[in-house]
Amino acid sequence: NYGSITVGNGVVGTDVIFDPTYTYSNPYDRLFKSVGMNVGTGGQGIGVTAVAVNSGDITTGDLSAGMIIGGNSFNLYDPTRITGIGINDGTITGGINSSGVIAGGNNLYILNSGSITIGDKDVSGYNPHDFTEWAFEETGHGIIAKSDLVGQVANDGTITTGDNTVGIFNGMRQPGRGYAS
């Protein structure tokens, strides 16, 4: 992106879980984020890498993400090859319960040399289920990166976040797996 991207708010919908006897169970909340830029790869192959570059402006509403990178390809010949790259040397601005950059994959490299600004995080009014809580946990981060093997996040720009938020989180996607982050 060398121009401008603007998206509105995400939405939280209510769903219910039915047991095998089809009797009513407790309702829960599901988050559907608005996303400015979303790139992803999957499967096995040489040279399969998700790349997202923002040199322009991305503006998102509440319950949203500026950029999402999913680098989930794998290569047996080189298991540490970078599978997801996210570069922001532009501007990302998000609302309440939003994140600037969300990345997940085998081997990630995320660089912010631009500006990321997000609002406060307060998801206390929502009722996620065990299998939907991850979407709510991803909110409130300037950058959140979760890798399976190797993860790298570098910041020589500016990250400004609101209350109850995290500037940068770089960690393993699966506990007990991976080399380093």
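Refer to the structure printed above.
So, here is what we can say about the structure in this document.

Definitions and cut-offs
- Residues numbered from 1 in each chain as written.
- Predicted model: local features only at pLDDT ≥ 70, side-chain atom pairs only at ≥ 80, totals over all residues.
- Heavy atoms only, no water.
- Phe/Tyr/Trp six-rings, centres within 6.5 Å; stacked < 30°, edge-to-face > 60°.
- Helix = DSSP H or I, 4+ residues; strand = E, 2+ residues; numbered from the N terminus.
- Buried < 20%, exposed > 50% of the residue type's maximum accessible area, 1.4 Å probe, protein only.
- Salt bridge = Lys/Arg side-chain N within 4 Å of Asp/Glu carboxyl O.
- Contact = heavy atoms within 4.5 Å.
- Core = buried A, V, L, I, M, F, W, Y, C linked by side-chain atoms within 4.5 Å.
- Pairing = 2+ DSSP bridges.
- Axes fitted to C-alpha atoms, helices over the stretch in contact; angles between N-to-C directions.

Things to note about the packing of aromatic side chains
If you walk through the whole model with that rule in mind, you get one aromatic pair. Summarising the aromatic geometry, the rings of Tyr126 and Phe136 are spaced 5.4 Å apart at their centres and angled 35 degrees between planes, so their arrangement reads as tilted. With Tyr126 in the loop between strand E11 (115-117) and helix H1 (133-137) and Phe136 in helix H1, this pair connects stretches of sequence that are 10 residues apart. Exposure remark for Tyr126: the relative accessible area of 28% places this residue in the partly exposed category.

Comments concerning the pattern of salt bridges
Under the defined criterion, the tally for this structure stands at two salt bridges. In this structure, Lys33 and Glu138 form a salt bridge, with 2.8 Å as the shortest nitrogen-oxygen distance. One end of the pair, Lys33, is in the loop between strand E3 (27-32) and strand E4 (34-44); the other, Glu138, is in the loop between H1 and strand E12 (141-155), with 105 residues separating them in the sequence. Among the salt bridges present, the one from Arg173 reaches Asp148, with a minimum N-O distance of 2.6 Å. With Arg173 in the segment after strand E14 (166-172) and Asp148 in strand E12, this pair connects stretches of sequence that are 25 residues apart. Judged by its relative accessible area of 30%, Arg173 is partly exposed. Of the residues examined, Asp148 reaches a relative accessible area of 7% and is grouped as buried.

Section: the side chain of Asn54
With respect to the helices, strands and loops of the structure, Asn54 is situated in strand E5 (residues 50-54). On the basis of relative accessible area, Asn54 is assigned to the buried category, the value being 0%. For Asn54, the contacting residues outside a window of four places in its chain are Asn1, Met37, Met67, Ile87, Asn88, Asp89, Gly90, Thr91 and Ile92.

Details of the nonpolar core
Membership of the largest hydrophobic core comes to 15 residues, with the highest contact counts inside it found for Met67, Ile69, Val101 and Ile110. Contributions of two or more residues to this core are made by E5, strand E7 (64-74), strand E10 (99-112) and E12. No other element matches the four residues that E10 contributes to this core. Aside from chain neighbours lying at most four places away, what touches Ile69 is Val39, Ala50, Ala52, Gly84, Ile85, Gly86, Val101, Ile102, Ala103, Gly104 and Ile110.

What about the sheet that holds E11?
Taking strand neighbours across the sheet as the criterion, the five strands line up as E1-E6-E9-E11-E13 in an open arrangement whose pairing is parallel. Two strands in the sheet have a free side with no partner beyond their single neighbour: strand E1 (4-6) and strand E13 (158-160). Across the sheet, the mean angle separating the axes of adjacent strands is 5 degrees when strand polarity is ignored.

By themselves these figures say nothing about function.
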